[in-house]
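Structure assessment
Residues per chain, in single letters:
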Amino acid sequence: MAEFKVGLIGLGGRGMHQMENIFTEREDICVTYVCDLYEDRCQAGVNLVKSKKGNTPKWTLDYKELIDSPDVEVVIVSSAWENHVPAAVYAMECGKQVGIEVGGAYSIDDCWKLVEAHEKTGIHCMMIENCCYSANELMVMRMVREGLFGEIVHCEGGYQHDLREEIALGDQIRHYRLRNYQNRCCDNYPTHALGPICKILDINRGNRMVKLTSMASGAWGLNEYARTHENITRELQDYKFRQGDVIKTNILCAHGQTICLTLDTTLPRYYARGFTVRGTKGFFGEVENAVFIEGKGTEDHSFFNNVEDFREEWEHYIWRDYRKAGVRRGHGGIDWLVFDAYFSSLRDNVVPPIDTYDTAAWLAITPLSEISIANGNMPVDIPDFTRGKWTCRTDKNTGYYSLDR
């Protein structure tokens, strides 16, 4: 199998996790170049590749140097959120394939820059949204496509994860979340839920998101955390964080479906994405771990925790095959699958299952939510990044890893 020469930008927690579990484990990848703002992280990346793969990649503190290198064919951007779009656009303009990790954009202009770079170069930027390949999300997508839930009316989800320690220690561990929570108020991490929901609702392929409104609670969680944990910088005890503790974003789609997203990362809680799909004949709820189908014997409280009762019949073929072959590491195996999907599209020279229009639309929720909150929760129009092509698109992935009808 031919190897892709990969350059990795960003060697913090996410980048090194992917290096350890994906890039140094795959036979179709040779990491030839690594980049980070910090020399020690670069050296750690070089050492990891050398110890596991045998080759010694080059390293740099300048992402453009990595992209410019003839030793790099594919660029993966795992750096801080603010660098995702600039690095991706530069890579596309240099003729390099590129994938970016999850997060949100800083402006709608940035989203348009991605689209324009794709339309100019023909190269797609795929968001590496691993949750699109989670077992439950894929199973529910299959159920929806086969009509089990009837007409889909409403979907919910979010990123609900206690990140107080990571955020509050940002200056000490060199993590970008702290500066974002100090300076912005928005849904800064919408895509873990939004990605699978958009695929279920055929967004950009027969449907689209048209309008949103967002609301933020007050910001007290990080202050309380700083007051009760001695390892946190004292100045954060009374710091006036811009980021509200809970952000709610409601989205209206062209065909009438609604989406509710929740960001909840600075209060004590269990991890959940709250993935929920409501239809005229039934629903799936992640928190309930349940499928409810009208007329199928799930009408009472016995339906709680019954998802495994549906697994044998409704498991998506990707996960059915994956379990037989052996699930790999990386967030329960979904990291491996999303990179499988990406590199498969490169090998076959086809549109990736999450294309530039998807990437731009999902990234846009962050700056649009920021605008809505800043203007008294007013409704904000969501741009049509396809410029009308969503009504009649034929350029979509139809391969094994396809997420489209």
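Please refer to the structure higher up on the page.
A few points on the structure.

Reading the values: rules and limits
- Just so you know, the residues in each chain are numbered from 1, in the order the chain's sequence is written.
- Two thresholds apply to this predicted model, a pLDDT of at least 70 for residue-level local features and 80 or more for giving and counting side-chain atom pairs, whereas whole-chain, interface and lining totals are computed over all residues.
- Computation of side-chain values covers all heavy atoms of the structure but excludes hydrogens and water.
- Strands here are runs of E lasting at least two residues and helices are runs of H or I lasting at least four, both read from the DSSP assignment and numbered beginning at the N terminus.
- When we talk radius of gyration, it's over C-alpha atoms, and the globule rule is simply 2.2 Å times the number of residues to the 0.38.
- Think of it in three bands: with a 1.4 Å probe and only protein chains considered, a residue is buried below 20% of the maximum accessible area for its type, exposed above 50%, and partly exposed in between.
- Note on definitions: a residue-residue contact is assigned when non-hydrogen atoms from the two residues lie within 4.5 Å.
- Here the open area of atoms and residues is found with the Shrake-Rupley method and a 1.4 Å probe, where only the protein chains shown may cover a residue.
- The sign given to each residue is positive for Lys and Arg and negative for Asp and Glu; His and the chain ends receive no count.
- A single reference atom marks each charge: NZ on Lys, CZ on Arg, CG on Asp, CD on Glu.
- Any two strands with at least two DSSP bridges between them are considered paired.
- Note on geometry: axes are lines fitted to C-alpha atoms, helical ones only across the stretch in contact, with angles between N-to-C directions running from 0 to 180 degrees.
- Any angle from 65 to 115 degrees is called roughly perpendicular, while one under 35 is roughly parallel, one over 145 is roughly antiparallel, and all others are oblique.
- Each crossing gets its hand from how the near helix is turned against the far one by less than a right angle, where anticlockwise is left-handed and clockwise is right-handed.
- Each residue receives one of three labels: charged for Asp, Glu, Lys and Arg, nonpolar for Ala, Val, Leu, Ile, Met, Phe, Trp, Tyr, Cys and Pro, and polar for the others, Gly being one of them.
- The span you would expect from a helix comes to 1.5 Å times its residue count less one.
- Nine residue types can take part in a nonpolar core, namely buried Ala, Val, Leu, Ile, Met, Phe, Trp, Tyr and Cys, and a core is a set of them joined through side-chain atoms within 4.5 Å.
- Two aromatic rings from Phe, Tyr or Trp, using only the six-membered ring of Trp, form a pair when their centres are within 6.5 Å; if the ring planes differ by under 30 degrees the pair is stacked, by over 60 it is edge-to-face, and anything between is tilted.
- Criterion for a charge above a ring: Lys NZ or Arg CZ within 6 Å of the ring centre, and within 35 degrees of the ring normal.

1. Focus on the overall build of the protein
Summing up its helical and strand segments, the protein has 15 helices and 14 strands in all. Its C-alpha radius of gyration of 21 Å places the protein within 12% of the 22 Å reference for a compact globule of 405 residues. Projected onto its principal axes, the C-alpha positions of the protein cover 60 × 55 × 40 Å. Across the 405 residues of the protein, 59% fall into the buried class. A separation of at least 24 residues holds for 75% of the contacts in the protein among residues at least 6 apart in sequence. Here the protein has roughly 16,500 Å² of accessible surface; of this, 49% comes from carbon and sulfur atoms. For the protein, the centre of its 45 positive side-chain charges and the centre of its 58 negative side-chain charges are spaced 2 Å apart.

2. Regarding the sheet that holds strand S4 (residues 74–77)
Judged by pairing direction, the sheet is parallel, and its 6 strands sit side by side in the order S3-S2-S1-S4-S5-S6 without closing on themselves. The sheet terminates laterally at strand S3 (58–60) and strand S6 (125–127), the two strands that pair on one side only. Along the sheet, successive strands turn relative to each other by an average axial angle of 25°, direction set aside.

3. Some words on the packing of helix H6 (residues 135–145) against helix H10 (residues 191–200)
For the pair H6 and H10, interaxial distance at closest approach is 10 Å and the crossing angle is 20°. The angle between H6 and H10 falls in the class roughly parallel. Crossing geometry of H6 relative to H10 is assigned as right-handed. Each of Glu137, Val140, Met141, Val144 and Arg145 in H6 lies in contact with H10, whose residues at this interface are Pro196, Lys199 and Ile200. For the contact of H6 with H10, the class distribution of residues is 5 nonpolar, no polar and 3 charged.

4. As for helix H14 (residues 334–348)
Compared with an ideal rise of 1.5 Å per residue, which puts 15 residues at 21 Å, H14 spans 21 Å between its outermost C-alpha atoms and is within 8% of the ideal. Downstream of H14 by a residue or two, Asn349 has a phi angle that is positive, lying close to 55°.

5. Section: the sheet that holds strand S10 (residues 258–264)
Strand order in the open sheet formed by 8 strands is S13-S12-S11-S7-S10-S9-S8-S14, with mixed pairing between adjacent strands. Two strands lie at the open edges of the sheet, namely strand S13 (290–293) and strand S14 (380–381), each paired on one side alone. In the packing of helix H15 (residues 356–374) onto the sheet, contacts are made with strand S8 (209–216), strand S9 (246–253), S10 and S14, and the angle to S8 comes to roughly 50°.

6. Side note on the nonpolar core
Grouped together as the largest cluster of nonpolar side chains are 127 residues, with contacts concentrated most on Tyr133, Phe149, Met209 and Phe385. Residues contacting Phe385, with those up to four places away along its chain left out, are Ile108, Cys111, Trp112, Val115, Tyr357, Ala360, Ala361 and Ala364.

7. Quick look at unusual backbone geometry
Most peptide bonds are trans, and most residues other than glycine sit at a negative phi. A positive phi angle, near 75°, is found at Asn204, a position not held by glycine. Turning to its location among the elements, Asn204 is positioned in the loop between H10 and S8.

8. Observations regarding helix H4 (residues 84–93)
Counting buried residues along H4, 7 of its 10 residues qualify, which places the element largely inside the surrounding structure. Directly beyond the C-terminal end of H4, a positive phi value near 80° is found at Gly95.

9. Concerning the packing of aromatic side chains
We describe a pair of aromatic rings using the distance from one ring centre to the other and the angle between the two ring planes. Within the structure shown, the criterion is met by 17 aromatic pairs. Ring centres 4.4 Å apart and planes at 55° place the aromatic pair Tyr159 and Tyr189 in the tilted group. Remark: Tyr189 occurs in the loop between helix H9 (177–183) and H10 and Tyr159 occurs in strand S7 (residues 152–160); sequence separation between them is 30 residues. The same class applies to Tyr159 as to Tyr189, namely buried. Taken together, a centroid distance of 6.4 Å and an interplanar angle of 55° make the contact between Phe283 and Phe292 tilted. A relative accessible area of 14% means that Phe283 is categorised as buried. A residue is classified by how much of its surface remains accessible, and Phe292, at 22% relative accessible area, is partly exposed. An aromatic cluster of three or more residues is present, and its members are Phe4, Phe23, Phe339, Tyr342 and Phe343. Against the face of Trp336 rests Arg26, its NZ or CZ located 5.0 Å from the ring centre.

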